[in-house]
Amino acid sequence: MGRQLTYGVVTKDVLRPLFKPSTFYMAGIGVVLLMLAIGGYCWYQQLTWGLGVAGYTPPVFWGVYITTFVFWIGIGHAGTLISAILFLFRSRWRTGVYRAAEAMTVFAVMTAALFPAIHVGRAWNAYWLFPYPNQRMLWQNFKSPLMWDVFAVSTYFTVSTIFFYVGLIPDLAAVRDKTKGMIHTLYRALAIGWHGTDRQWRHYMAAYGFFAAFATPLVLSVHSVVSWDFAMADTAGWHSTLFPPYFVAGAIFSGCAMVITLLLPLSIFFKLEDYIGVWHFEHLAKMCLLTGSILTYAYATEHFIAWYSDNPYEWDIFVYRATGDYWWVFATMVFCNCLAPLVWWKKSIRQNYFWLFTISIFVNIGMWFERYNIIASALAHQFDPNAWTYYRPTYIEMGILIGSFGWFLIWFLLFVKVMPSVAIAEVKEQVRPPLRDLEAAAK
Amino acid sequence: MSTLKAVYAHLDSLVDAIAGLKRQGLKAGDMAVMAPLPRHEIEELLYEGEPSPVRWFTMCGAIFGGASGFTLCALTQVNWPMIIPAGKPLVSIPCFIIITFECTVLWASFLTLAGLIVNCRLPGFSLPKQVQDPRFSNDHFGIVVDGLEGERLSKARTVLAEAGAVEVTDG
């Protein structure tokens, strides 16, 4: 932090970007709405004509939608890691970035949650995914990993949203106390009568610790459960005990990269560099280096085990991924996830905004392709050579993919204009408190 | 009876004021201390390490969630038994652990939220107007003492002022 911060300065700085949209911001909203419209149109086409407009080719019935579902669930993980796990470890660098990262988690899971409904085709029946009492006493199969996933994702979304809102309450009170009129009335309702009394802070801190403790195992469990959607199946290239740690590392890797992608422009455009600066981005880059290294090791291990297992089907799918029809997907994945982040080992590149942003984009792309590589190639090249095929996404699927980015970004852009993007109360904890004795000594 | 409100610009002044009021025999419930951030000094002075009862809500939620998650899985399987080859159990603990875990976390979170709301007495729209000072969410600290009269009131006023209050008012 460059200049001397006080409690008053922190409140003023963090609330400054709220409510007054610039032309640049409105242009961003316009682009994002266009992306959303593309996605909306494509989904409308699919709802009208059925899943035939997607590129599904027997036996490939999981494609871009499941790839994108896993991608967005993974993105959410970094937010929870930063807000919960690093809170329990009392990591100081999380303070500036955790609010926006947590918002990213909630919006990413909201985006991911659309995809099961899109993927099943008849979206109006998506509520069948949830267990509910019905006339015929029919229940889902709770031994299925797909049901575990329903529980894991819905729990993750609910707990993340509660954690996010509880964290916001003291800051909503700060916004309430700085606004007038209708906006004041709105924030008064949102802050539910928070006034920072000793009673409120005491129970708040206890509850916040519990929420962090619950969110911590969720970081590890949700993507493990997502990985079992694949690993529990007997499909070559999927049926591996390596998947849970491999998926969790990949999720945190992609999520940290997405935090860099989102927060770098936020910090620059909203002049929040005293709160989200090089120090924070460098730590995020180090997180990417750690998890990216685990991921690279996992890629190597799964190839080694496929070879060493002496299972011809298993080995064949790994050879096919690297050299067959999907070689370019594999190459993109390896370049973006294993090679590109290596430049971050150099400190000056970790501290350079251009390279931070560029590499984070590479990682985002690479992590989408990783899921595509796992899903599409394994289904297109199963045990029976007569059933081998080549899955090509249609413009409908790619349009919905673009729309998912629009959906995610519209929420994020609205968030940065109506909610404090930096946790005011927590940043104040990092600032030297105003002390009478210290001021007297200075005089 | 009168309500006293003191506003402080410095944390150490606030801490001195709380300590002074405690020496006069006042306890946590007799005063409200406002701060823009959580400070351990305040909590330690007022509650002396007594843990928040929120934890009991959390524990009840976790037990209920875990039990209900497992029960949902087990009873629905027994209610509509599927023929499973190779002697695999109908009620399979490893399979049901995941939903049990998710329900444990979900319900523990719900009840922690309930515990927070109940113990913080939220929504707090009806708190005294002295407590509702916009400075307390920004850069000032405050103490509101209620229910004092006579000599105790004047002594408390003196303690609040001598600790270094920027403002002491009677409500």
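What you are looking at is a predicted structure, and each value in this text was computed from that prediction instead of being measured. (Residues numbered from 1 in each chain as written. Chains lettered and ligands numbered in written order. Predicted model: local features only at pLDDT ≥ 70, side-chain atom pairs only at ≥ 80, totals over all residues.)

**Student:** Before we go on, may I ask you to explain the overall build of chain A in this structure?
**Tutor:** Secondary structure assignment for chain A yields 17 helices and 0 strands. At 23 Å, chain A has a C-alpha radius of gyration in line with the 22 Å of a compact globule built from 443 residues. Counting all 443 residues of chain A, 49% fall into the buried class. A separation of at least 24 residues holds for 82% of the contacts in chain A among residues at least 6 apart in sequence. (Helix = DSSP H or I, 4+ residues; strand = E, 2+ residues; numbered from the N terminus. Rg over C-alpha atoms; globule rule 2.2 N^0.38 Å. Buried ≥ 20, exposed ≤ 12 C-beta atoms within 10 Å, placed from the backbone. Contact = placed C-beta atoms within 7 Å.)

**Student:** Help me understand the overall build of chain B, please; the structure alone is not making it clear to me.
**Tutor:** Within chain B one finds 5 helices and 4 strands. Tracing chain B from N to C terminus, the helices and strands come up as β-α-β-α-α-α-β-α-β. For chain B, the C-alpha radius of gyration of 25 Å lies well beyond 16 Å, the compact-globule estimate for 171 residues. C-alpha extents for chain B along the principal axes are approximately 80 × 30 × 25 Å. When each of the 171 residues of chain B is scored for burial, the buried share is 44%. Sequence-distant contacts, at least 24 apart, represent 81% of the contacts inside chain B between residues at least 6 apart.

**Student:** Mind showing me how you'd approach unusual backbone geometry here?
**Tutor:** Note: most peptide bonds trans; most residues except glycine with negative phi. At the junction of Pro 58 of chain A and Pro 59 of chain A, the peptide bond is cis and its omega measures out at 5° in the coordinates. On the secondary structure map, Pro 59 of chain A appears in the loop between α2 (23-49) and α3 (64-88). Residue Pro 123 of chain B is reached from Leu 122 of chain B by a cis peptide bond, and omega for that bond is -5°. Positionally, Pro 123 of chain B belongs in the loop between α4 (93-120) and β3 (141-148). Positive phi values are uncommon outside glycine, yet Asp 310 of chain A reaches one of about 65°. Turning to its location among the elements, Asp 310 of chain A is positioned in the loop between α10 (278-308) and α11 (312-323). Unusually for a residue other than glycine, Glu 48 of chain B sits at a positive phi of about 50°. You can see Glu 48 of chain B is positioned in the loop between α2 (40-47) and α3 (54-79).

**Student:** Could you clarify how one ought to interpret the pairing of strand β1 (residues 2-8) of chain B in this entry?
**Tutor:** Successive residues of a regular strand alternate their side chains across the two faces of the sheet. Residues and elements named next belong to chain B. In terms of residue burial, β1 counts as a mostly covered element, since 5 of its 7 residues are buried. Judged from the 7 bridges that link them, β1 and β3 form a sheet pairing that is antiparallel. Its bridge partner lying in β3, Ser 2 is registered against Leu 148. In terms of strand pairing, β1 meets strand β4 (residues 167-170) through 4 bridges, oriented antiparallel. Paired with Lys 5 across the two strands is Thr 169, which belongs to β4. (Pairing = 2+ DSSP bridges.)

**Student:** What should I look at first to understand the interface of chain B and chain A in this one?
**Tutor:** For interface size, the figure often reported is the accessible area lost on association. Facing the 57 residues of chain B at the interface are 51 residues of chain A. Mapped by element, the contributors of at least two residues to the side of chain B that touches chain A are α1 (11-23), β2 (31-34), α2, α3 and α4 of chain B. At 16 residues, α4 of chain B tops the list of elements feeding residues into the side of chain B that touches chain A. Here the residues of the side of chain B that touches chain A are counted per class, giving 35 nonpolar, 17 polar and 5 charged. (Nonpolar A, V, L, I, M, F, W, Y, C, P; charged D, E, K, R; others polar.)

**Student:** What am I meant to see in helix α4 (residues 94-112) of chain A here?
**Tutor:** Structurally, the α-helix is built with 3.6 residues per turn, so residues lying three or four positions apart point the same way. Where α4 of chain A bends most, the angle comes to about 25°, and this point is Ala 100 of chain A. Among the 19 residues in α4 of chain A, 18 count as buried, and that is most of the element. (Bend = angle between axes of the 7 residues up to and from the residue.)

**Student:** Can you help me understand the domain arrangement of chain B in this one?
**Tutor:** For chain B, the assigned domains are domain 1 (2-47 + 128-170) and domain 2 (54-120). Measuring from the centre of the C-alpha atoms in domain 1 of chain B to the corresponding centre in domain 2 of chain B gives 45 Å. (Domains from an automatic or database assignment.)

**Student:** Is there a simple way to think about helix α6 (residues 145-176) of chain A in this case?
**Tutor:** Taking 1.5 Å of rise per residue, the 32 residues of α6 of chain A would be expected to cover 46 Å, and the 45 Å separating its terminal C-alpha atoms lies within 8% of that figure. Along its length, α6 of chain A reaches its greatest deviation from straightness, about 45°, at Ile 169 of chain A, and the proline Pro 170 of chain A lies no more than four positions downstream. (Expected span 1.5 Å × (residues − 1).)

**Student:** Explanation requested: the pairing of β2 of chain B in the structure shown.
**Tutor:** Residues and elements named next belong to chain B. On β2, burial covers both faces: Met 31 and Val 33 on one face and Ala 32 and Met 34 on the other are all buried. Across 4 bridges, β2 lies against β3 in antiparallel orientation. From the neighbouring strand, Val 33 faces β3, where its bridge partner is Ile 143.

**Student:** How should I be thinking about the environment of Pro 170 of chain A in this particular structure?
**Tutor:** Here Pro 170 of chain A lies in helix α6. Separated by 158 residues in sequence, Pro 170 of chain A and Trp 328 of chain A place their C-alpha atoms 49 Å apart.

**Student:** Hey, could you run me through the environment of Ile 66 of chain A in this one?
**Tutor:** Residues and elements named next belong to chain A. Its location among the elements puts Ile 66 in helix α3. Residue class for Ile 66 comes out buried when judged on the 23 C-beta atoms lying within 10 Å of it. Taking the C-alpha atoms as reference, Ile 66 lies 21 Å from Ala 387; in sequence the two are 321 residues apart. Apart from the residues lying within four places of it in its own chain, the contact partners of Ile 66 are His 119 and Ile 375.

**Student:** What's the story with the nonpolar core in this structure? I'm lost.
**Tutor:** Buried together is how nonpolar side chains tend to be arranged in soluble globular proteins. With 188 residues, the main nonpolar core has Met 104, Cys 256 and Val 259 of chain A together with Ala 17 of chain B as its most contacted residues. The greatest single-element share of this core, amounting to 17 residues, is contributed by α6 of chain A. In this structure, this core is formed jointly by two domains, domain 1 (2-47 + 128-170) and domain 2 (54-120) of chain B, each of which donates at least three residues. Setting aside anything within four residues of it in sequence, one finds Val 259 of chain A in contact with Ala 78, Val 97, Ala 101, Met 104 and Leu 284 of chain A. (Core = buried A, V, L, I, M, F, W, Y, C linked by C-beta atoms within 7 Å.)

**Student:** How do you make sense of the sheet that holds β3 of chain B when you look at a structure like this?
**Tutor:** Sheet strands associate in pairs through backbone hydrogen bonding, adopting either a parallel or an antiparallel arrangement. Residue and element names in this part refer to chain B. Taking strand neighbours across the sheet as the criterion, the 4 strands line up as β2-β3-β1-β4 in an open arrangement whose pairing is antiparallel. Since the sheet does not close on itself, it has two edges, and those belong to β2 and β4, each with one partner. Neighbour-to-neighbour, the strand axes of this sheet turn through a mean angle of 10°, independent of strand direction. Of the strands in this sheet, β1, β2 and β3 are in contact with α1, which crosses β3 at around 20°. (Axes fitted to C-alpha atoms, helices over the stretch in contact; angles between N-to-C directions.)

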